[in-house]
Amino acid sequence: MDSHYDSRAEYHEIHMHGAWDRLRDLVRDTFGGIGSDGVIVDVGAGSGLGTLMLSGCTDAEIIALEPSTTMRAMMMARLDTLGILERVTVIPEPLPEGLRDLPGRVDGVIVAHMLGHLAEAERNGLFEWIATSLAPGRTALLTVSAEPSTEDTEPVVQERAVGRHLYRLTSHMQAPGRYEGLFEVIDRQRRVVRSLDDATSWHAVTVADIRTAVAGHNVQVTEPQPGVAQISAMAMS
Ligand SMILES: C[S@@+](CC[C@H](N)C(=O)[O-])C[C@H]1O[C@@H](n2cnc3c(N)ncnc32)[C@H](O)[C@@H]1O
């Protein structure tokens, strides 16, 4: 499958570290106690930054679902370098088809920075699978939009130095459901030597949307920090 990320992976992933730093404590607190008999699914795992974080805080088996060939290649290289390939099963199918390849009972799920790519029926299918597959007492962690925005946000600029170049991402969330992004590579003379448009559709998904989707299941939905939702399966009494 040709993915939006295949040609953008090179530029995208170096700007994700801040987002993962903000999740670090929550990932450890949510999944840290899960032992080697547990299974955690990383949905839309990308280049493996979250898979890597999971592997460092739990001994659980990990299943990483990622449809982009380039992002998967980056993840595989990262896992191999760390010597943890045998702990991670990689599934290349996108949602919704990829749900068929996931186990019916899991001990944790992480869905980071990807829900906005899914159409309503696809994400509701994902929420339904989570609500019916989480083992009692276990939790899924999902990044969401802080609130449903009806207005354009201000553009955000992120920059990383890569040797003699500066890699810049200018991102602009536009209502409704549109993301405008621009990757630029800038040399020491301030010339743009390469650039790539990153525009795509991006649906705002809130904690309230998740609550509505899983109503009637034996789960609880909480917001441990702004922009993050947790779905927790009730423990057996
Ligand atoms: C912004 S990246 C985030 C990657 C990773 N979760 C992270 O936070 O670093 C979004 C990821 O979602 C994946 N994705 C997009 N549509 C998908 C779908 N229908 N099913 C599964 N993954 C999808 C993309 O290939 C991409 O790797």
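Quick caveat: nothing in here was measured; it's all calculated off a predicted structure.

With respect to the overall build of the protein chain
Phase 1 of the analysis: When helices and strands are counted, the protein chain shows 6 helices and 12 strands.
Phase 2 of the analysis: Taking 237 residues into account, the globule formula puts the C-alpha radius of gyration at 18 Å, and the protein chain, at 18 Å, falls close to it.
Phase 3 of the analysis: For the protein chain, the C-alpha atoms occupy an extent of roughly 65 × 45 × 35 Å along the three principal directions.
Phase 4 of the analysis: Counting the 237 residues in the protein chain, one finds 37% classified as buried.
Phase 5 of the analysis: A separation threshold of at least 6 residues defines the contact pool for the protein chain, and within that pool the share at least 24 residues apart is 64%.

A closer look at the packing of helix 5 (residues 120-133) against helix 6 (residues 207-214)
Phase 1 of the analysis: As a packed pair, helix 5 and helix 6 sit with axes 9 Å apart at the nearest point and diverge in direction by 65 degrees. Helix-helix and strand crossings are classified by hand; for helix 5 and helix 6 the assignment is right-handed. Residue-level inspection shows Asn-124, Phe-127 and Ala-131 of helix 5 in contact with helix 6, the latter providing Ile-210, Ala-213 and Val-214.
Phase 2 of the analysis: A class-by-class count of the residues in the contact of helix 5 with helix 6 yields 5 nonpolar, 1 polar and no charged.

As for helix 4 (residues 69-82)
Phase 1 of the analysis: The end-to-end C-alpha distance of helix 4, which contains 14 residues, comes to 20 Å, matching closely the 20 Å that a straight helix rising 1.5 Å per residue would cover.
Phase 2 of the analysis: Within helix 4, the full set of buried residues consists of Met-71, Arg-72, Met-74, Met-75 and Leu-79. Viewed end-on, helix 4 has its buried residues packed into an arc of 160 degrees, placing them on one side of the element. Every exposed residue of helix 4 that faces more than 90 degrees away from the buried side is listed here: Ala-77, Asp-80 and Thr-81.
Phase 3 of the analysis: Buried-residue contacts for helix 4 involve helix 1 (9-12), helix 3 (49-57), strand 2 (61-65) and strand 3 (88-91).
Phase 4 of the analysis: Backbone geometry just after helix 4 places Gly-83 at a positive phi near 75 degrees.

Re the domain arrangement of the protein chain
Phase 1 of the analysis: On domain assignment, one finds that the protein chain holds domain 1 (9-147 + 204-233) and domain 2 (156-201).
Phase 2 of the analysis: Distance between the C-alpha centres of domain 1 and domain 2: 26 Å.
Phase 3 of the analysis: Taken together, the contacts link 4 residues of domain 1 with 7 residues of domain 2.
Phase 4 of the analysis: Looking at the side of domain 1 that touches domain 2, its residues break down into 3 nonpolar, 1 polar and no charged.

Here we look at the pairing of strand 9 (residues 192-197)
Phase 1 of the analysis: The buried count for strand 9 comes to 0 of 6 residues, which makes it a mostly uncovered element.
Phase 2 of the analysis: Relative to strand 9, strand 8 (residues 178-186) is paired through 5 bridges, and the arrangement is antiparallel. Within strand 9, the position partnered with Val-185 by the bridge is Arg-194.
Phase 3 of the analysis: From the end of strand 8 to the start of strand 9, which pair antiparallel, there are 5 residues, and Arg-190 there has a positive phi angle of about 65 degrees.

Definitions and limits used
- Residues numbered from 1 in each chain as written.
- Predicted model: local features only at pLDDT ≥ 70, side-chain atom pairs only at ≥ 80, totals over all residues.
- Helix = DSSP H or I, 4+ residues; strand = E, 2+ residues; numbered from the N terminus.
- Rg over C-alpha atoms; globule rule 2.2 N^0.38 Å.
- Buried ≥ 20, exposed ≤ 12 C-beta atoms within 10 Å, placed from the backbone.
- Contact = placed C-beta atoms within 7 Å.
- Axes fitted to C-alpha atoms, helices over the stretch in contact; angles between N-to-C directions.
- Left-handed = near helix turned anticlockwise from the far one by under 90°.
- Nonpolar A, V, L, I, M, F, W, Y, C, P; charged D, E, K, R; others polar.
- Expected span 1.5 Å × (residues − 1).
- Arc of directions from axis to C-beta.
- Domains from an automatic or database assignment.
- Pairing = 2+ DSSP bridges.

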